[in-house]
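An overview of the molecular structure
One-letter residues, chain by chain:
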2 protein chains.
Amino acid sequence: MHDAREVVVLRYGHRPGRDDRMTTHVGLTARALGADRVIFPDNAGQSAETVRDITDRFGGPFAVELRDDQKAIVRDFEGVVAHLTMYGERVQDVEEDVREAVGLGGSDATDGESTPRDLLVVVGGEKVPWALYERADFNVGVTNQPHSEVAGLAVFLDRLFEGAELDREWENADRRVMPEATGKTVIDAGEGPAGDDNSETGDRG
Amino acid sequence: MHDAREVVVLRYGHRPGRDDRMTTHVGLTARALGADRVIFPDNAGQSAETVRDITDRFGGPFAVELRDDQKAIVRDFEGVVAHLTMYGERVQDVEEDVREAVGLGGSDATDGESTPRDLLVVVGGEKVPWALYERADFNVGVTNQPHSEVAGLAVFLDRLFEGAELDREWENADRRVMPEATGKTVIDAGEGPAGDDNSETGDRG
C-alpha cells in the first residue's frame, strides 16, 4: 500500500480441500486491508486463482504468488518478520514497535519517521516450525485466545496501517461497489450502473 | 463484554459441511473480540460444539445458541441492528454513529455517554434477504471489497470497542496462554505450567 515499503502476507501451510476457503480468505483479506502481495504454498492453486480473479475485477495492484519454499522465504526475508500466533506478545503492546520497525511509526513530531522497511506477515495454517518463532522479529497475538487466522490478520493490518488502508484507491478495477445505507449498487469502470451483482462474495475458494 | 449492554453476533445462513469452518471462526472471533453471545442457524451444531468447547477450556462468559428463526431474530431484535455487507456504508464513516446508538459513544466530555442499548451484529453466510438490509439500522462495509466475513467481523468489533476488548479478563478458564516474545506457554487455572499445548488452534470446525 505504501510505495517505499512492501507488506507481504505469507500463508504458512495449506491442506488442499480442507483449507481452501481459509486460504482464499487470507488472500482476500490481505488484499482488501492494505497488503501488497500474498504468498501461498504451491498446493494452493485454487485459492490463488480466486484471489487473482477478484483482483482482476475489483482492482489492484495486488500480487499473488505460489511458492514451494516457505521456510526459505521466512529465513531469507530482507526486512521485518511478524508472525501471528496466539502464543505471541499482545498486539496492543507491540503494534507501535512493529510500526516503528518498518518506518510507519514516529507520530511524535520530535521523532520523525523511521526508514521504511519491508514487512512479512506470517499467518500459520498447519503447525508451524519452531524456527519460525525464533526467526520472527515479532510473535504477535491478536488476543491470546484461539479464534481465526483470518480475524487475526484483519485486526493486525488495520492496526498496522491505523485505518489508512480503508481509504485505499483501487486501480484497473472493472467494477466498483458504491457504499450506501440501504442498497447493493455496483458500477462498472466506465461509471455506468452495472446493476445488482450478487455474485461478488469472494467466497468461492 | 459490557454489563449494561449485550453484543450479539448472528451468523445468517449456514451450509453444513461447506461452511463449518467459516461458521466456527465467526463464533470464535465473536468470543475472542468482545461479543457476549453468538447465534448460529440450527444446522450448525458442529460449529456450536467447537465454540462451546473452547469456551469451557479458555473461559467466558460467552454463550452459543442454535436457533431456527433467523428472520424473526432480526425483525424482533430490541436494540440496534448492524449488518456487515460489502455494499454498506464505510465502517470508518459510521462507526461513531454505531457506537453512539448503543451508548458507547460520547468521548466528547460535553456529550456524556448515551444510554446503553443491545447490539445485534449480523454476519451473512448464504445470500441474505433484502428485508435484512431494510431492517438493519446500519449496513456496514468493512471496505467495499469482497473478502471475508470473519475479517469484517473482527475489524468491526475491534473498532466498536476501540480495542478495549483486547484487555478482557476471562472467567472460569481451565487454561491460559502466557503472551511472550518467543515461546508457547500455556498455564492451567491453578497457575501451574501445563506445558506445551499445540492442539489449541480453535480450528476444528
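Residues numbered from 1 in each chain as written. Chains lettered and ligands numbered in written order. Predicted model: local features only at pLDDT ≥ 70, side-chain atom pairs only at ≥ 80, totals over all residues. Heavy atoms only, no water.

**What about the sheet that holds strand β3 (residues 63-67) of chain B?**
All names here are of chain B. Reading across from one edge, β3-β2-β1-β5-β4-β6 is the order of the 6 strands in this open sheet, with parallel pairing throughout. One side of each edge strand has no neighbouring strand; the edge strands of this open sheet are β3 and β6 (138-141). The average angle at which neighbouring strand axes cross in this sheet is 30°, direction not considered. Seen against the sheet, helix α2 (residues 45-58) touches β2 (37-41) and β3 and runs at an angle of roughly 170° to β3. (Pairing = 2+ DSSP bridges. Helix = DSSP H or I, 4+ residues; strand = E, 2+ residues; numbered from the N terminus. Axes fitted to C-alpha atoms, helices over the stretch in contact; angles between N-to-C directions. Contact = heavy atoms within 4.5 Å.)

**Digging into the interface of chain A and chain B**
Each partner contributes residues to the interface: chain A has 59 residues there, and chain B has 59 residues. Around 5,100 Å² of area is buried between chain A and chain B when both sides are counted, 58% of it from carbon and sulfur atoms. When the buried surface of chain A facing chain B is broken down by residue, R21(A), Y87(A) and L166(A) rank first, second and third, together holding 15% of it. Along the contact surface separating chain A from chain B lie 6 salt bridges. Between D158(A) and R159(B) there is a salt bridge, and its shortest N-O distance comes to 2.8 Å. Here chain A is connected to chain B by 22 residue pairs in polar contact (both at pLDDT 80 or more). (Buried area = accessible area lost by both parts, 1.4 Å probe. Salt bridge = Lys/Arg side-chain N within 4 Å of Asp/Glu carboxyl O. Polar contact = N/O pair within 3.5 Å; in protein donor to acceptor, adjacent residues only side chain to side chain.)

**Notes on unusual backbone geometry**
All names here are of chain A. The peptide bond linking G60 to P61 adopts the cis configuration, its omega dihedral lying at 0°. Within the fold, P61 resides in the loop between α2 (45-58) and β3 (63-67). One non-glycine residue with positive phi stands out, namely T143, at about 70°. Topologically, T143 is positioned in the loop between β6 (138-141) and α6 (149-160).

**Focus: the relation of the copies chain A and chain B**
For these two chains of identical sequence, chain A goes onto chain B by a turn of 180° and a shift of 0.0 Å along the axis, with RMSD 0.0 Å. On the angle and the small slide along the axis, the relation comes out as a two-fold axis. When each C-alpha of chain A is compared by its distance to the rotation axis, A151(A) comes out closest, at 2.3 Å. (Least-squares fit on C-alpha atoms with pLDDT ≥ 70 in both.)

**A few points about the confidence of the model for chain A**
The predicted structure's coordinates, where accompanied by low pLDDT, should not be read in detail. Residues and elements named next belong to chain A. Predicted confidence across chain A gives a mean pLDDT of 90, with 86% of residues reaching 70 or more. Confidence drops under pLDDT 50 across residues 192-205; counting only partners more than four residues distant or on other chains, this segment forms 44 contacts. Taken together, the chains of this predicted complex give a pTM of 0.91 and an interface ipTM of 0.91. (pLDDT = per-residue confidence, 0-100.)

**Looking at the pairing of β6(B)**
Two faces belong to every sheet, and in a regular strand the side chains alternate between them. Residues and elements named next belong to chain B. Burial along β6 is two-sided: the face carrying F138 and V140 and the face carrying N139 and G141 are both buried. Across 5 bridges, strand β4 (residues 80-90) lies against β6 in parallel orientation. For R90, the partnering residue across the bridge sits in β6 and is G141. (Buried < 20%, exposed > 50% of the residue type's maximum accessible area, 1.4 Å probe, protein only.)

**So, helix α1 (residues 20-32) of chain A**
All names here are of chain A. Helix length check: α1, at 13 residues, gives a terminal C-alpha distance of 18 Å against a target of 18 Å (1.5 Å per residue), a fit within 8%. For α1, a buried count of 13 out of 13 residues is recorded, marking the element as mostly surrounded by other parts of the structure. Trailing α1 by a residue or two, G34 shows a phi angle of about 100°, which is positive. (Expected span 1.5 Å × (residues − 1).)

**Some words on the packing of helix α1 (residues 20-32) of chain B against helix α6 (residues 149-160) of chain B**
Residue and element names in this part refer to chain B. The interhelical angle for the contact between α1 and α6, taken along N-to-C directions, is 10°, at an axis separation of 9 Å. Of the possible angle classes, the one that applies to α1 and α6 is roughly parallel. The residues of α6 that touch α1, namely those facing M22, H25, V26, T29 and A30, are E149, V150, L153, A154 and L157. The residue inventory of the contact of α1 with α6, partitioned by class, reads 7 nonpolar, 2 polar and 1 charged. (Parallel < 35°, antiparallel > 145°, perpendicular 65-115°, else oblique. Nonpolar A, V, L, I, M, F, W, Y, C, P; charged D, E, K, R; others polar.)

**Topic: the packing of helix α4 (residues 91-101) of chain A against α6(A)**
Between two packed helices, the angle of one axis relative to the other and the distance separating the axes together describe the packing. Residues and elements named next belong to chain A. Two numbers describe how α4 lies on α6: the axes approach to 10 Å, and their chain directions differ by 50°. With respect to α6, the axis of α4 lies oblique. Remark: the crossing between α4 and α6 carries right-handed chirality. In this structure, α4 contributes V91, Q92, E95, V98 and R99 to the contact, and α6 contributes F156, R159 and L160. Looking at the contact of α4 with α6 residue by residue, the class counts come to 4 nonpolar, 1 polar and 3 charged. (Left-handed = near helix turned anticlockwise from the far one by under 90°.)

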